[in-house]
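Examination of the molecular architecture
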Amino acid sequence: MNQLALDESQLIEFLSNDLMDEFREEFMQLHPYDQSLFFEKVEPDIRKKIFHYLSPKEMAELFEATKFDDEQYEFYLKEMDTTYAADMLSYMYADNAVDVLNELGKDQVASYLSIMDEESAQEIKDLLHYDEYTAGSIMTTEYVAIPETSTCRSAMTILRKEAPNAETVYYLFVVNELHQLTGVISLRDLIIAEEDTLIKDIMNERVVSILVSEDQEEVARTIKDYNFLAVPVVDFEQHLLGIVTVDDIIDVLDEEASDDYSKLAGVAHMDTFDKSPFQAAKKRLPWLIILLFLGMLTANLMSIFEKTLDQVALLAVFIPLIAGTAGNSGTQALAVAIRGIATGDIEEESKFKLLFREAGTGLTTGLLCGIIVVGIVFFWKHDIVIGLLVGAAIFGSIFVATLAGSFIPLLIHRMKIDPAVASGPFITTINDVISILIYLGLATLFISSIS
C-alpha cells in the first residue's frame, strides 16, 4: 500500500489540531510527488494551513513534483498570499514557473513579476517572450556553462558554485568568450580528468543542439533519438540560451499524445474530465455537427439509389457490413500514417512508398475479405450473384478506404495542418459515403442480373 494512504489521516489530524511541528516532521519525509497528491485531495481550509506551515521554497518543490491541471494552477495561486505565491514562483526553475504563469491572465503575471526578485523575474520574462510550443518556451536557463579556456580544476569550482541552482549537472556545456556553444563534457569525464587539463582538450566538439524556435515535438524527437538527459538550445549564431531536460520532454510527449488522441476521437482539448456536462458538450459539438452534415451525404446517397433498393430489398442488409469494414480499414491506415508522421519515420522521399505499400495492403486485404464474403453470402442466401456483388463492393471499399486513410493525413500534413484532425470519425464517415457509392453503384449497374 502507498505510504501516503497510511499517513493521510494522521497528517489531517495534525493540521486540524494546529500541530505544526508534528505535521512538518511527517510531511517532509514524503516524496514531493506524494506531497502534491495529498495537497490536491484536501479541502481549501486545510490547504491554507499548509501554506502557513511550508516555506515558499518547500511549496515550490511540491509544485514542481507534478503537473496539475491548467485551471488548478490559477485556483491554488488565488488561495495563497500574493507575496507568498511570488516567492514560490521565484524558487521554481524558470521553465516550470513559466508553465504556471502561462495559465494566468496578463495582469496576474505582471503582478507576480513585480514582486519577485529582479533576477528571477528577468529570467521568467525572457522565457515568456518565446512562442508557445517551441524549444524556447520549454527550456530552462538554469544550466552549468564552462568556459573552454578553463582547466578541469576551475571547472569543478564553477560546478560547485552553480550546481545548487542548476536543473541538471550531468552535462556541462562549453562556451567561448562570446557565449557561443562550442562543446559539451559529461560530469564523469570531468571527474576522471587530470586537474590541469584544459576543458577544450577533452570536450566533445560535435554537439547536438536545437534552435530556440524549433517545435517542441522536434525537440522531443531529438532527445528520444539520442537518449539525452538534456539538449542545449541555441540561437542562429550558436549563442547558448538554455537547455531542455528530459523531464520537460516527458510532459511534452504526454501533452502531444493527449492532444492527438483527442483529435483522433473527434474531441477538442480533451485534457481533463469536464466537471460540467455543458463544458463537455461544448467541446464535442463542433465535430459532431460536422460529422452530422457528412452523414447527410450518406442519407442522400441512399435516396438516390432508392429505386435500386426497392427492386432488391436484400441489398440493404449488407450496407452496414460494407460501410463498417471500409471504416475499420481506413482507420487502420490512418493510424499507421499519423504515427509515421508523429515519429518522423515518414520522410519526403518515403511518402510515395507508404502510399504504394498501403495500396498493396488494401488490394490484399480487400481481395481476401471479398472472397470470404462471397462464400458466406452464397451459403447464407444461396445467391451467387448477390455474393459476388457484395464481395466486389467489399474489395473496392477496402482498397479505396485504405488508400484514403493514408493519403488524407499526408495531404493535410503537407498543408502544414496537424494530421490528427483527419480523425477516426472523419475518415469513417468519408469511407461510409465512398463504400455506399461503390456498393449501390455496382448494384444499379448490374440490377438486371440480380432482380
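The preceding data block contains the structure.
Procedures and definitions
Residues numbered from 1 in each chain as written. Predicted model: local features only at pLDDT ≥ 70, side-chain atom pairs only at ≥ 80, totals over all residues. Heavy atoms only, no water. Buried < 20%, exposed > 50% of the residue type's maximum accessible area, 1.4 Å probe, protein only. Helix = DSSP H or I, 4+ residues; strand = E, 2+ residues; numbered from the N terminus. Polar contact = N/O pair within 3.5 Å; in protein donor to acceptor, adjacent residues only side chain to side chain. Patch = residues over 30% accessible without salt bridge, like charges linked within 9 Å, V, L, I, M, F, W, Y side chains within 5 Å. Areas by Shrake-Rupley, 256 points an atom, 1.4 Å probe, with all protein chains shown as cover. Salt bridge = Lys/Arg side-chain N within 4 Å of Asp/Glu carboxyl O. Axes fitted to C-alpha atoms, helices over the stretch in contact; angles between N-to-C directions. Parallel < 35°, antiparallel > 145°, perpendicular 65-115°, else oblique. Left-handed = near helix turned anticlockwise from the far one by under 90°. Contact = heavy atoms within 4.5 Å. Nonpolar A, V, L, I, M, F, W, Y, C, P; charged D, E, K, R; others polar.

1. Side note on helix α15 (residues 216–226)
Within the span of α15, buried status applies to Q216, V219, A220, R221, T222 and I223. Structurally, the start of α15 carries an N-cap: the backbone nitrogen of E217 is 2.8 Å from a side-chain oxygen of D215. Looking at the residues trailing α15, positive phi occurs at N227, about 55°.

2. Looking at a nonpolar patch on the surface
Taken together, the side chains of Y170, L229, V246 and I250 present a nonpolar region at the surface, about 370 Å² in accessible area. Topologically, I250 is positioned in helix α16 (residues 246–264).

3. A word on the pattern of salt bridges
Side chains that carry opposite charge are capable of pairing whenever their charged atoms lie near each other. Counted according to the given criterion, the structure contains eleven salt bridges. Across the pair D18 and K49 runs a salt bridge, and its minimum N-O distance is 2.9 Å. Linking D18 in the loop between α1 (3–16) and α2 (20–27) with K49 in helix α4 (residues 44–53), this pair joins segments that are 31 residues apart in sequence. Notably, a salt bridge pairs D189 with R188, separated by 3.8 Å at the nearest N-O pair.

4. Notes on the packing of helix α5 (residues 56–64) against helix α7 (residues 82–91)
It is the contact of α5 with α7, at a shortest axis distance of 8 Å, that shows an interaxial angle of 60°. Compared by their axis directions, α5 and α7 come out oblique. Handedness of the crossing formed by α5 with α7: right-handed. For the pair formed by α5 and α7, the contact residues are P56, K57, M59, A60 and F63 on the first element and Y84, D87, M88 and Y91 on the second. Residues of the contact of α5 with α7, tallied by class, amount to seven nonpolar, no polar and two charged.

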